[in-house]
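# Examining the three-dimensional arrangement
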Amino acid sequence: MTHLTARSAAAAALRGTDPVRGLTTRQPWTSSIAYLGKRIENRSRVTTFTGWLMVHAGLLTDREAIRDAPRDLTHLEARGAVLAVARLTGCHRSVDCNQACSTWAQPDRVHWQLADVVALKEPVRATGALYLWTPTEELRQAVAAELTR
Ligand SMILES: [Zn+2]
């Protein structure tokens, strides 16, 4: 998908009835997905969900990782907000790729594979949750509007 096509496909999915989930991560990982090309999310659990995700910055910060993050990383200060949408295409265990799938891949983790990441122009405030959460209809419409404004 081209960037433009991914943007319109995501907006259409949010406005329709496709299952969509929220994925809460701690900064700097959320901005790294949205702006640094991070396409592997390291998790402890497998998931069977595939489809569009709202990439959400939780309220907590990964204090160790944020020390190494670029100071000018876009929306690095954002907390409690959706920064991007992305498609979750599947997942695999680190033993199956030897951490070779991505420079972001960590050992002894499940690698969730992201594609078609589209950053929002402005973050959309939202309350997250652990694991995968189901966004409200109001949030779906708000993120769709931000994608297409
Ligand atoms: Zn991998």
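Definitions and cut-offs
- Residues numbered from 1 in each chain as written.
- Predicted model: local features only at pLDDT ≥ 70, side-chain atom pairs only at ≥ 80, totals over all residues.
- Heavy atoms only, no water.
- Pairing = 2+ DSSP bridges.
- Helix = DSSP H or I, 4+ residues; strand = E, 2+ residues; numbered from the N terminus.
- Contact = heavy atoms within 4.5 Å.
- Axes fitted to C-alpha atoms, helices over the stretch in contact; angles between N-to-C directions.
- Disulfide = S-S within 2.5 Å.
- Buried < 20%, exposed > 50% of the residue type's maximum accessible area, 1.4 Å probe, protein only.
- 1 Å grid on protein atoms, 1.4 Å probe; cavity = no way out; pocket = protein on both sides within 12 Å on 5 of 7 lines; lining within 4 Å.
- Points joined across faces, edges and corners; volume = space filled by probe spheres on them.
- Nonpolar A, V, L, I, M, F, W, Y, C, P; charged D, E, K, R; others polar.
- Donors = N, O, S within 2.8 Å, 3.2 Å for Na, K, Ca; no water.
- Tetrahedral: all angles 85-135°; square planar, octahedral: opposite > 155°, others 65-115°.
- Polar contact = N/O pair within 3.5 Å; in protein donor to acceptor, adjacent residues only side chain to side chain.

With an unreviewed UniProt entry as reference, the protein is termed ASCH domain-containing protein, source organism Streptomyces litchfieldiae.

Now for the pairing of strand β5 (residues 110-125). Where strand β2 (residues 40-43) and β5 come together, 4 bridges link them in antiparallel fashion. Each bridged residue has a counterpart across the sheet, and for Ile40 the counterpart in β5 is Gln113. Looking at chain direction, strand β4 (residues 81-93) and β5 are connected through 10 bridges and run antiparallel. By the bridge assignment for β5, Cys91 is matched with Trp112.

On to the sheet that holds strand β6 (residues 132-133), then. As summarised here, the arrangement of the 6 strands in space is β2-β5-β4-β3-β1-β6, forming an open sheet in which the pairing is mixed. Either end of the sheet is taken by a strand with one partner, and the two such strands are β2 and β6. Across the sheet, helix α5 (residues 137-148) touches β3 (51-61), β4, β5 and β6, and the angle it forms with β5 is around 80°.

All chains considered together, the criterion is met by 0 disulfides. Cysteine Cys91 remains unbridged, with the sulfur of Cys101 as its closest cysteine sulfur at 11 Å. Since its relative accessible area comes to 25%, Cys91 is described here as partly exposed.

Time to look at the layout of surface pockets. Space inside the largest pocket adds up to approximately 520 Å³. As for the largest pocket, its lining consists of 23 residues, of which Thr24, Thr25, Arg26, Arg43 and Gly58 are closest to the centre. Sorting the residues of the lining of the largest pocket by element identifies β1 (21-27), β2 and β3 as the ones contributing at least two each. The element best represented in the lining of the largest pocket is β3, accounting for 4 residues. Among the residues forming the lining of the largest pocket, the class breakdown is 7 nonpolar, 9 polar and 7 charged.

Here we take up the coordination of the zinc ion. Of the protein atoms, only His92 (NE2), Cys97 (SG), Cys101 (SG) and His111 (ND1) coordinate the zinc ion, at distances of 2.0 to 2.3 Å. Between the 4 donor atoms coordinating the zinc ion, the angles at the centre fall across 102 to 115°, so the site counts as tetrahedral.

Position of Thr25 among the secondary structure elements: in strand β1. Judged by relative accessible area, which is 4%, Thr25 ranks as buried. Polar side-chain contacts of Thr25 include one of 2.7 Å to the side chain of Thr30. Apart from residues no more than four positions distant in its own chain, Thr25 is found in contact with Thr30, Ile33, Glu41, Arg43, His56, Ala57 and Gly58.

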